Amino acid sequence: MPINSFLYPGAKTTPAYQVANSCRFEDGDSPKMTITQGNPTEPGGNASRKWTISTWVKRGNLGINSYIFLGGAYTNQGNKLYFDSNDNLVYWEHNSSSTTSWKFVTNRKFRDCSSWYSIIVAHDSTQSTEGNRVKIYINGTQETSFSTDTYPSEDADSNFMYNAEVITIGAQHTQNYFDGYLAETVFIDGSQLAATSFGEFDEDSPNIWKPKDVSGLTFGTNGFYLDYEDSSNLGNDANGGTDLSETNLAAADQATDTPTNSFCTLNPLNNWEGSYTLSEGNCIFTGTGGNDATAGTMGVASGKFYYEVEFDTESASSYAGFGPDTLLNNVGTGNPIDEFIGMYRDDYTMQIGGSSEGAYTDVSDGDIFGFAINLDAASGSQTVIIQKNGTTIDTVTIPTANEGAFWIPVVGDTSSTDGVLKCNFGGCPSVAPSSAVADANGYGSFEYNPTISSVDYLALCTKNLGSDGG
């Protein structure tokens, strides 16, 4: 007899596909993954004509050659997918005689380090129409604007997929290492697939491209699927094939910063006066002398949010906290310490608008400061709470003149020494926390509890911004 649908209602909507993890690649560590290939699926033998590469990318360092994918045994030969030093995307093959078989260079620059890009390259040289032999999709839309667009000839064999040669993820063999995060990395051997095999546009926001479950795809002889969900084996092929070998990657490089929940990091495009370097997925700040500072990639105008900073070696004149968006008007000329609220190590004081708040505390290398901002309180009661190693040491009232501003994390250094600040926004801590405490919504991984005096403060990530109106 039929089931009573009133007693056993079916699901009205299918939950959106969620990506649990990504992998952080720090180019200074020379990280990569490799796998040795067998004979390709199509057309068989030693050469290939059909494949698809798909991955989600969140960039770290800009202005460098940053390799996502390389197929082939030699540095200057093979199939290459990378960002060049101008931040354009390049898809290119050098053949065995070091001449170009095909090459595409986008006019578009990829300099947004706050967001995830979906990058798909679908290749099939057997297509009779030249324009169908290589299709590059960015966030679900086919790219058509190139400074260079040299297509392969019809039925051209690729030199990259030979038996016993190597596919490398995250490097050009031993140079040009990728810097940033990769998620949902897929290689399909033997098929040119459409972008819709890997993602879909959101029903409610049709300009938003989002990932979908790829586990049911046909991967072919050399294909693989990296979901990065096993921290002890980040190169695990979730499709069940041979795992990729990892070099200079560790369990701590597993991140929860993903295309379905992007976390705040530090922004390499903001620079006050001096210079600095960012590392570990743009979560470690190292000053290089002068008024070096940067801001986070996310800000909030309402809600209650939290992040942590470890003051580390040589950070004698470093500072961290929150600042209003007006301080961005002084990028390149001013000093954000004049407007921020937070901890200034130089005189061990809490700061508000460049003036001492009057609360003093000793600061030692390794001390972790937590910064919790409450923008939901009534006028005159909005605050920034500053904690040291899990204990509240000051609560600073935001000036009424700054209420309604857009508040962003700010870190910097004012001395000639190289101040080091290790930020934890929750998505991939630069220093793995021993406690690994999540926020009240279950997001982030912090050293100390972001619920303070029974008030829930949340990690700066897209799911929390959407839920709490930040």
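Cut-off values and rules
Residues numbered from 1 in each chain as written. Predicted model: local features only at pLDDT ≥ 70, side-chain atom pairs only at ≥ 80, totals over all residues. Heavy atoms only, no water. Helix = DSSP H or I, 4+ residues; strand = E, 2+ residues; numbered from the N terminus. Buried < 20%, exposed > 50% of the residue type's maximum accessible area, 1.4 Å probe, protein only. Contact = heavy atoms within 4.5 Å. Areas by Shrake-Rupley, 256 points an atom, 1.4 Å probe, with all protein chains shown as cover. Lys, Arg positive; Asp, Glu negative; His and termini not counted. Charge placed at Lys NZ, Arg CZ, Asp CG, Glu CD. Pairing = 2+ DSSP bridges. Axes fitted to C-alpha atoms, helices over the stretch in contact; angles between N-to-C directions. Phe/Tyr/Trp six-rings, centres within 6.5 Å; stacked < 30°, edge-to-face > 60°. 1 Å grid on protein atoms, 1.4 Å probe; cavity = no way out; pocket = protein on both sides within 12 Å on 5 of 7 lines; lining within 4 Å. Points joined across faces, edges and corners; volume = space filled by probe spheres on them. Nonpolar A, V, L, I, M, F, W, Y, C, P; charged D, E, K, R; others polar. Salt bridge = Lys/Arg side-chain N within 4 Å of Asp/Glu carboxyl O. pLDDT = per-residue confidence, 0-100. Core = buried A, V, L, I, M, F, W, Y, C linked by side-chain atoms within 4.5 Å. Polar contact = N/O pair within 3.5 Å; in protein donor to acceptor, adjacent residues only side chain to side chain.

Turning our attention to the overall build of the protein chain. Each helix and strand in the protein chain was counted, giving 1 helix and 36 strands. Each principal axis of the C-alpha distribution contributes one length, and for the protein chain these read about 75 × 70 × 40 Å. Of all 470 residues assigned to the protein chain, the portion counted as buried reaches 54%. For the protein chain, contacts bridging at least 24 residues in sequence account for 66% of all contacts bridging at least 6. Surface exposure of the protein chain reaches about 18,000 Å², of which carbon and sulfur atoms provide 43%. Averaged over its 21 positive side-chain charges, the protein chain has a centre that lies 9 Å from the centre of its 57 negative ones.

Within a sheet, adjacent strands bond to each other through the backbone by hydrogen bonds, running parallel or antiparallel. In spatial order, the strands read β13-β9-β8-β7-β6-β14-β2-β19; together these 8 strands make up an open sheet with antiparallel pairing. Two strands bound the open sheet, and with one partner strand each, they are β13 (146-150) and β19 (245-247). The average angle at which neighbouring strand axes cross in this sheet is 15 degrees, direction not considered. Strand direction decides the pairing type here: strand β2 (residues 32-36) and strand β14 (residues 166-169), joined by 4 bridges, are antiparallel. The residue bridging threonine 36 from the neighbouring strand is valine 166, located in β14.

Right, let's talk about the packing of aromatic side chains for a bit. Scanning the entire structure with this criterion turns up 22 aromatic pairs. Arranged with centres 6.4 Å apart and planes meeting at 25 degrees, the rings of tyrosine 91 and phenylalanine 104 form a pair that is stacked. Here tyrosine 91, found in strand β8 (residues 88-94), pairs with phenylalanine 104, found in strand β9 (residues 100-109); they are 13 residues apart in sequence, far enough to count as distant. A residue is classified by how much of its surface remains accessible, and tyrosine 91, at 1% relative accessible area, is buried. Residue class for phenylalanine 104 comes out buried when judged on its relative accessible area of 1%. For the pair phenylalanine 104 and phenylalanine 146, a centre-to-centre distance of 5.5 Å together with 70 degrees between the ring planes defines the contact as edge-to-face.

Here we come to the layout of surface pockets. When its volume is computed, the largest pocket comes out at roughly 490 Å³. Lining of the largest pocket is provided by 20 residues; of these, Ile208, Trp209, Lys210, Pro259 and Thr260 occupy positions nearest its centre. Elements supplying a minimum of two residues to the lining of the largest pocket: β17 (209-211) and α1 (462-468). Tallied by class, the residues present in the lining of the largest pocket amount to 8 nonpolar, 9 polar and 3 charged.

A few words now on empty space enclosed by the protein. Applying the stated criterion across every chain yields a total of 2 cavities of 30 Å³ or more. In this model, the largest cavity occupies a volume close to 40 Å³. Its residues placed into classes, the lining of the largest cavity shows 6 nonpolar, 4 polar and 1 charged. By volume, the second largest cavity is sized at about 30 Å³.

Another point: the pattern of salt bridges. Taken as a whole and assessed by the stated rule, the structure comprises 13 salt bridges. Measuring nitrogen to oxygen at the nearest pair gives 2.8 Å for the salt bridge that ties aspartate 257 to lysine 58. Note that aspartate 257 is positioned in the loop between β20 (254-255) and β21 (276-279) and lysine 58 in strand β5 (residues 50-59), a separation of 199 residues in sequence. Like lysine 58, aspartate 257 is buried. Members of the salt-bridge network, linked through shared partners, are Arg24, Asp253 and Glu280.

Along the chain, tyrosine 151 turns up in the loop between β13 and β14. Separated by 272 residues in sequence, tyrosine 151 and cysteine 423 place their C-alpha atoms 44 Å apart. Each residue touching tyrosine 151, except ones within four places of it in the same chain, is listed here: Ser101, Trp102, Phe104, Glu130, Gly131 and Val134.

Glancing now at unusual backbone geometry. Backbone geometry places histidine 173, a non-glycine residue, at a positive phi of 60 degrees. Residue histidine 173 is classed as buried on the basis of its relative accessible area of 13%. Even without being glycine, asparagine 248 reaches a positive phi, approximately 60 degrees. For asparagine 248, the location among the structural elements is in the loop between β19 and β20.

Attention now moves to the confidence of the model for the protein chain. Regions with low pLDDT should not have their predicted coordinates read in detail. Confidence in the prediction for the protein chain averages 89 pLDDT; 91% of positions are at 70 or higher. When the criterion is pLDDT under 50, residues 1-12 qualifies, and its contacts beyond four places in sequence or with other chains add up to 1 contact.

Core analysis: the largest hydrophobic core is formed by 55 residues, its most contacted members being Val309, Phe371 and Val411. The residues touching phenylalanine 371, leaving out its near neighbours within four places in the chain, are Phe305, Tyr306, Tyr307, Val309, Ala320, Gly321, Phe322, Gly342, Met343, Ile385 and Ile386. Grouped together as the second largest cluster of nonpolar side chains are 35 residues, Ile35, Phe146, Phe160 and Leu182 included.

Quick look at the side chain of serine 430 now. Here serine 430 is to be found in the loop between β33 (420-424) and β34 (451-452). Judged by relative accessible area, serine 430 falls into the buried class, the value being 15%. A distance of 3.2 Å separates the side chain of serine 430 from the backbone oxygen of cysteine 423, its partner in a polar contact. Every residue in contact with serine 430, bar those within four places of it in the chain, is listed here: Arg24, Glu280, Cys283, Ile284, Lys422 and Cys423.

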